[in-house]
Each structure stands twice: as structure tokens, then as C-alpha cells.
Amino acid sequence: MTFDRRAILSFIRRAIPWLWRAALLMWLASMIQPPSVRVTLMPPQTVETTQPQVCVHTRLIDEVQEWVMQESLVAVREMGAQTIVEFFPWAYIERVRGVYDWTQADRIMKHARNQGLQVIARFGLVPDWARPHPDEQQTTLNYLTPDAYPAFAEYAAAFATRYADVVPAVILWNEPNLAFEWGYQPPDPQRYAELLRVVYPIIKAARPDVLVLGGALAPTLEPVGSPHALDDVLYLEGLYQAGAHAYFDALAVHTYGFNAPADAPPARDALNFRRAELLRAVMVRYGDADKPVYITESGWNDHPRWIYGVTPSQRIRYTLDALTRAESAWEWAQTVCVWVLRYPRPTYSYPDSFTLITPDFQYMPIYYALQAYARGWQTNEALWLPAPQE
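What this report covers is the structure whose coordinates are included nearby. (Residues numbered from 1 in each chain as written. Predicted model: local features only at pLDDT ≥ 70, side-chain atom pairs only at ≥ 80, totals over all residues. Heavy atoms only, no water.)

Across its full length, the protein holds ten helices and eight strands. Seen through its C-alpha atoms, the protein measures out along the principal axes to roughly 95 × 60 × 45 Å. Here the protein, with 390 residues, has 51% of them falling under the buried criterion. Of the roughly 19,000 Å² of accessible surface on the protein, a fraction of 57% belongs to carbon and sulfur atoms. The positive charge centre, built from 33 side chains, and the negative charge centre, built from 41, are 10 Å apart in the protein. (Helix = DSSP H or I, 4+ residues; strand = E, 2+ residues; numbered from the N terminus. Buried < 20%, exposed > 50% of the residue type's maximum accessible area, 1.4 Å probe, protein only. Areas by Shrake-Rupley, 256 points an atom, 1.4 Å probe, with all protein chains shown as cover. Lys, Arg positive; Asp, Glu negative; His and termini not counted. Charge placed at Lys NZ, Arg CZ, Asp CG, Glu CD.)

Secondary-structure assignment places glutamate 175 in the loop between β4 (169-172) and α6 (189-206). The buried charged residue glutamate 175 lacks any salt bridge partner; its closest oppositely charged side chain belongs to arginine 122, at an N-O distance of 7.4 Å. Of the polar contacts made by the side chain of glutamate 175, one reaches the side chain of histidine 254; its length is 2.8 Å. Those residues in contact with glutamate 175 that sit more than four places away from it in its chain are Glu181, Gly215, Ala216, Leu217, Ala218, His254 and Glu297. (Salt bridge = Lys/Arg side-chain N within 4 Å of Asp/Glu carboxyl O. Polar contact = N/O pair within 3.5 Å; in protein donor to acceptor, adjacent residues only side chain to side chain. Contact = heavy atoms within 4.5 Å.)

This paragraph deals with the state of the cysteines. For the structure shown, the criterion picks out one disulfide. The partner cysteine of cysteine 55 in its disulfide is cysteine 337, sulfur to sulfur 2.1 Å. When the S-S torsion is 90 degrees, as for the bridge of cysteine 55 with cysteine 337, the disulfide is right-handed. In this pair, cysteine 55 is assigned in strand β1 (residues 54-57) and cysteine 337 in strand β8 (residues 333-339), connecting sequence segments 282 residues apart. Both residues of the pair, cysteine 55 and cysteine 337, belong to the buried class. (Disulfide = S-S within 2.5 Å.)

Assignment of secondary structure puts serine 226 in the loop between β5 (211-217) and α7 (232-241). A relative accessible area of 14% means that serine 226 is categorised as buried. At 3.1 Å, the side chain of serine 226 and the backbone nitrogen of histidine 228 are in polar contact.

Turning next to the environment of tyrosine 318. Mapped onto the elements of the fold, tyrosine 318 is located in helix α9 (residues 312-329). Tyrosine 318 gets classed as buried once you look at its relative accessible area, which sits at 13%. Residues tyrosine 318 and proline 44, spaced 274 residues apart in sequence, show a C-alpha to C-alpha distance of 34 Å.

With that settled, the discussion passes to the nonpolar core. Among the nonpolar cores identified, the biggest contains 98 residues, and Phe88, Phe123, Phe159, Val170, Leu172 and Leu356 are the most heavily contacted of them. Once you skip the residues sitting within four places of it in the chain, phenylalanine 123 turns out to touch Phe87, Phe88, Phe152, Tyr155, Ala156, Phe159, Val170, Ile171, Leu172, Trp173 and Asn174. Counting eleven residues, the second-largest nonpolar core is a separate cluster that includes Cys55, Ile120, Ile171 and Cys337. (Core = buried A, V, L, I, M, F, W, Y, C linked by side-chain atoms within 4.5 Å.)

The contact between α6 and α7 brings their axes to 8 Å, and the two run at 55 degrees. The pairing of α6 with α7 is recorded here as oblique in orientation. Relative to α7, the crossing made by α6 is right-handed. For the pair α6 and α7, the contacting residues are Pro189, Tyr192 and Ala193 in the first and Tyr235, Gly238 and Leu239 in the second. Across the contact of α6 with α7, the residue classes break down as five nonpolar, one polar and no charged. (Axes fitted to C-alpha atoms, helices over the stretch in contact; angles between N-to-C directions. Parallel < 35°, antiparallel > 145°, perpendicular 65-115°, else oblique. Left-handed = near helix turned anticlockwise from the far one by under 90°. Nonpolar A, V, L, I, M, F, W, Y, C, P; charged D, E, K, R; others polar.)

Bringing helix α10 (residues 365-375) into the picture now. When you tally the buried positions in α10, you get nine out of eleven residues, the bulk of the element. For α10, the complete set of buried residues consists of Ile366, Tyr367, Tyr368, Ala369, Leu370, Gln371, Ala372, Tyr373 and Ala374. Each element contacted by the buried residues of α10 is listed here: β1, α2 (66-79), α9 and β8.

Here it is in C-alpha cells:
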């Protein structure tokens, strides 16, 4: 077979302009974005509730679409919760030293305000510029050292001041008694006490009325010297021994039920809902009985293959019993915040079974049980409530 070289070159010359046009059209097509969902605010809303201590932890900071934030907070209001806990990472908002990007936080606060909700703001995660250079030391986003405490305090004060009308309280760090949450440094109550000592006066100088919550300790039985964590009761005792009592207005507590019912008695060697009473006893023993407790994470998990899972009906019963106990017997507990409303996307593992609503907004039976409790609706004795009618 023979080829006409001149014919081939002629074909290529004629095809090149069309190839350029096709490439241009493909580039233009790739730039076309579907219109985003237009979000309009509702008339100002009010939460209808008979149980003001009911609260839920949300996960809105990683949401991309604003309508999802709005829909999530509508669900919180309709459930009868007046308060949410939300994470506002320092690393997200102050990516450049002294430059705050409030865009995502503003969206969340706008819709919380519109739905009549209060927000307890949880702070954490350290920006790159406030951690050692990677060439010097590899660190995680949780790696916080004393030289970064003043900058963290400035961020916390700026945040509390900006959202003074909707943020009554802030939480300084999350579960510092876990090595993972402390940047894989050994958990150290004295170091965390020093963080409170530095940050507390700066926040209070900027906004005297904000409540500064310390603690937010993970429930764990890890002994002294463990590389993984430190027992939360021992850690809290260490905070008081380090003089931290003057640098927080209330204690944030994480108390999960694990496999036990809500009325399981507290014990030093047991993890259950009433472990919060052991932490309260430490506060009383160190003369801090006048300070309230905010339970900022709590709940049960109904994953069928998780070692700490319970059945869905047990999850409902235990959660309602826990709320009833806090209301009737824990006069020191200001909130009981259920973990967690929903995740931005599935984890495809047991954490999905902590949620009240799936990422695609399927409402779980426990949501309706909590709604009936918070709003004072009469229900029958069935633990599985019927799905809403179309």
C-alpha cells in the first residue's frame, strides 16, 4: 500500500483549525458550572421547646453548599434544640497570619441566627504558620505548642467578639487528654492549664460576657504513662492541681453511654453516661461547685457490628433516659448535646451510626424521639416512631 504524502499533509493542514475549535469548545464546556441553589433567609424563627437543655453537635464547617447548612439548622430548630455545638478550626479561618477568612463561619452564623439558635463554638486545629516547618519537624494539625498560645488567643478573642450576639460560649480545644488531639504529644494537664492561663484573659478582655469552657475531655481509662491518652478523671485532677480553676467559667464534658444503659452507676473502672458524675465530684472536691457543666458530646451508637454498639431501640431508650436524668438530677448540667446531627458525607463505618440524619437527609427514628421529648409531644410506648407522612 502506498501513501500520498502531499495528500496527508493537506488533510492535516485542513484539520488543524477544526481541532483548535474543538479544543476551545471543550475548554468552554468545562468552565460551565451549574447554577448554585439560591438560598434565601426565612422570617426570623423561634425554637419551640419544653427542654432547653437539649442540644446537638453539628458538622457544618466542611459543608460546601449553603442550602445544606440551612436545611440542617432548620432540622435542629424543628427538633426543639435551642443550642448547637459547632467546630470552627483556627487553621481554616487564619490561614495567613493576621488575616481572617470569616466566609464559612459567617454563613453558619447567619443561618443559626435566622433559626433562633445559639452556638457553642469549639476551637482547634493549628495553621501551618503556627507549627514547626515541615523540614524541621513533621506535625499534625493538632500540634499546639506554648509559643503559639498567644496567637491562638487572638483568634479566639476575635471570633468571640465578631459573633457576640449568637455565641454565648466557646470551648478551648477538644479532648486534650488524647495524644491524637494533642498533636501526638504526651497528654499533659499542666500544658493545657497553661493554655487556659494564656488564652482566658485575652478572650475576657475582648468580650467579658462570653463563657469560656475548659476541659472537653474524652472518657477513657488510660493510666498515667500511656502514650495514647490519660484517664479523664486523673486529667481533670491534674488541671486543678496546676491552678487552672481560675481560667475557665464552666467545664465542658464528653460523656458517652457505650454499651451501658443511662442509669448504669458511675465507677472509676467503667465508661458510661454517668461518668460525668465523677468529673463533677472532682470539681466539688476542689471548691468549684458553683461552676456549671456543659455536656457538649454524648450519645449512643447503633451500628450492628461495632463493639460498643446497641440496638436502635436501645439507643432511643438510653438517650431519652439520659436526658431525663440530666433534667431531674443534674442541676449543674446546663446542656446535653447529642453527637451528632449529620455528617457532610458518609464515613462508611460505625461513626455513621451516631447521626440523627443521614448525609442525604434521611431522618433516623431517634430524631423523631428526641423531637417528641424536646417539644413535649405525647407519644405511645413504642420506641420505633412512624416515619413522617408525605
